[in-house]
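Survey of secondary and tertiary structure
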Amino acid sequence: MMSLPAFAAIKRDLNAVMLRDPATKNRLEAALCSSGFHALVMYRLFHFFYAHRYFLVARLLSALTRFLTGIEIHPGATIGSGVFIDHGSGVVIGETAEVGNNVIIYQGVTLGGTGKDKGKRHPTIEDDVMISSGAKVLGPFTVGRGAKIGAGSIVLGEVPPGATVVGVPGRVVRIAGRRINEELNQSLPDPVEEEITTLTERVAALESRLSEVQADLAKK
């Protein structure tokens, strides 16, 4: 049922488990015990159905995979080969997400959208990217080749190739191993800081207006 390229991708996914998981002793153990590998095998199957417009079958198999592995991959997502999902519980990969080759994804990672827009709304993850535990990559932008996303980071915008991103919201702290100047504008907004600034300005305006009203009342 699956094409030969799909079987080749499964083989590379199994090789990735052996290469990247020091707790796995042999290929049989990897094939039988790696939930991330199981999720990717099932993805190759239900993505085939999705590509041939058997949408309900694809979604049912996706739901079954989530129940069995704790990993939710939408059938419409595009995933390359040699991908390693380690301790995959809580991993979510959205419908229009694109994941390249040799990507490492740890538990609790979300490749999601930021709203109900149609079309491309999930991130594109290029080859050789590592996304650490609990990271959320949200929106239709690209994470460049070889980038690293720190644990718990929330990434809302473009990530250059070879960059390291950490924090909430995510900020680039290194590119190709070189530390980035802290004064460099990162173009990733801090929504909490913006909200506090807006509230502070509003309170100041209200206090100014109150002072004016009190002054007018005193004159009367």
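The present account deals with the structure reproduced in this document. It should be emphasised that the depicted structure is a prediction, and the values quoted were computed from it without experimental measurement.

Details of the overall build of the protein
Tallying secondary structure elements over the protein gives 5 helices and 16 strands in all. Looking at the protein residue by residue over its 220 residues, the buried ones come to 39%. Here the analysis covers contacts within the protein between residues at least 6 apart in sequence; of these, 32% occur between residues at least 24 apart.

What about helix H3 (residues 35–51)?
Here H3 is 17 residues long and its end C-alpha atoms lie 24 Å apart, about the 24 Å a rise of 1.5 Å per residue gives. Here H3 has its buried residues at Gly 36, Phe 37, Ala 39, Leu 40, Tyr 43, Arg 44, Phe 46, Phe 49 and Tyr 50. Remark: Arg 53 follows H3 within two positions and exhibits a positive phi of approximately 70°.

Brief notes about the nonpolar core
Of all hydrophobic cores here, the largest spans 36 residues; its most connected members are Ile 73, Ile 93, Leu 111, Ile 131 and Val 143. Of the residues forming this core, the biggest block, 6 residues, is contributed by H3. In this structure Val 143 touches Thr 124, Ile 125, Glu 126, Val 129, Val 137, Ile 149 and Val 159, once residues within four positions along its chain are discounted. With 8 residues, the next largest nonpolar core counts Leu 14, Val 17, Ala 30 and Phe 37 among its residues.

Description of the packing of aromatic side chains
According to the stated counting rule, one finds 4 aromatic pairs in the structure shown. For the pair Tyr 43 and Phe 46, a centre-to-centre distance of 5.9 Å together with 85° between the ring planes defines the contact as edge-to-face. Of this pair, Tyr 43 and Phe 46 both sit in helix H3, separated by 3 residues, roughly a single helical turn. The class of Tyr 43 is buried, set by a relative accessible area of 2%. Here Phe 46 falls in the buried class, since its relative accessible area comes to 0%. With centroids separated by 5.9 Å and ring planes inclined at 75°, the aromatic side chains of Phe 48 and Phe 49 adopt a geometry described as edge-to-face. The partly exposed category is assigned to Phe 48, whose relative accessible area is 24%.

What to know about the sheet that holds strand S16 (residues 178–179)
A sheet is described by the order of its strands in space; here 7 strands give the open sequence S3-S6-S9-S12-S14-S15-S16, paired in mixed fashion. Both outer strands of the open sheet, strand S3 (84–85) and S16, are each paired with one neighbouring strand and no more. Here strand S15 (residues 171–175) runs beside S16; their pairing, made up of 2 bridges, is antiparallel. By the bridge assignment for S16, Arg 174 is matched with Arg 179.

Concerning the layout of surface pockets
The computed volume of the second largest pocket comes to approximately 150 Å³. In terms of lining residues, the second largest pocket is bounded by Asp 21, Ala 23, Thr 24, Glu 29, Cys 33, Ser 34, Ser 35, Gly 36, Phe 84, Ile 85, Asp 86 and His 87. When contributions to the lining of the second largest pocket are tallied by element, the ones reaching two or more residues are helix H2 (27–33), H3 and S3. Residue classes in the lining of the second largest pocket are distributed as 4 nonpolar, 5 polar and 3 charged.

Considering the sheet that holds strand S1 (residues 72–73)
Spatially, the 5 strands line up as an open sheet ordered S1-S4-S7-S10-S13, and their pairing is parallel. The sheet is open, and its two borders are formed by S1 and strand S13 (154–155), each paired with just one other strand.

Describing the pairing of strand S14 (residues 163–166)
Alternating residues of S14 divide into Ala 163 and Val 165, all buried, and Thr 164 and Val 166, none buried. Taken together, the 2 bridges between strand S12 (residues 148–149) and S14 define a ladder with parallel strand orientation. Bridge pairing in S14 links Lys 148 to Thr 164. Note that S14 and S15 share 4 bridges and pair antiparallel. Looking across to S15, one finds that Val 166 is bridged to Arg 171.

What counts and how
- Residues numbered from 1 in each chain as written.
- Predicted model: local features only at pLDDT ≥ 70, side-chain atom pairs only at ≥ 80, totals over all residues.
- Heavy atoms only, no water.
- Helix = DSSP H or I, 4+ residues; strand = E, 2+ residues; numbered from the N terminus.
- Buried < 20%, exposed > 50% of the residue type's maximum accessible area, 1.4 Å probe, protein only.
- Contact = heavy atoms within 4.5 Å.
- Expected span 1.5 Å × (residues − 1).
- Core = buried A, V, L, I, M, F, W, Y, C linked by side-chain atoms within 4.5 Å.
- Phe/Tyr/Trp six-rings, centres within 6.5 Å; stacked < 30°, edge-to-face > 60°.
- Pairing = 2+ DSSP bridges.
- 1 Å grid on protein atoms, 1.4 Å probe; cavity = no way out; pocket = protein on both sides within 12 Å on 5 of 7 lines; lining within 4 Å.
- Points joined across faces, edges and corners; volume = space filled by probe spheres on them.
- Nonpolar A, V, L, I, M, F, W, Y, C, P; charged D, E, K, R; others polar.

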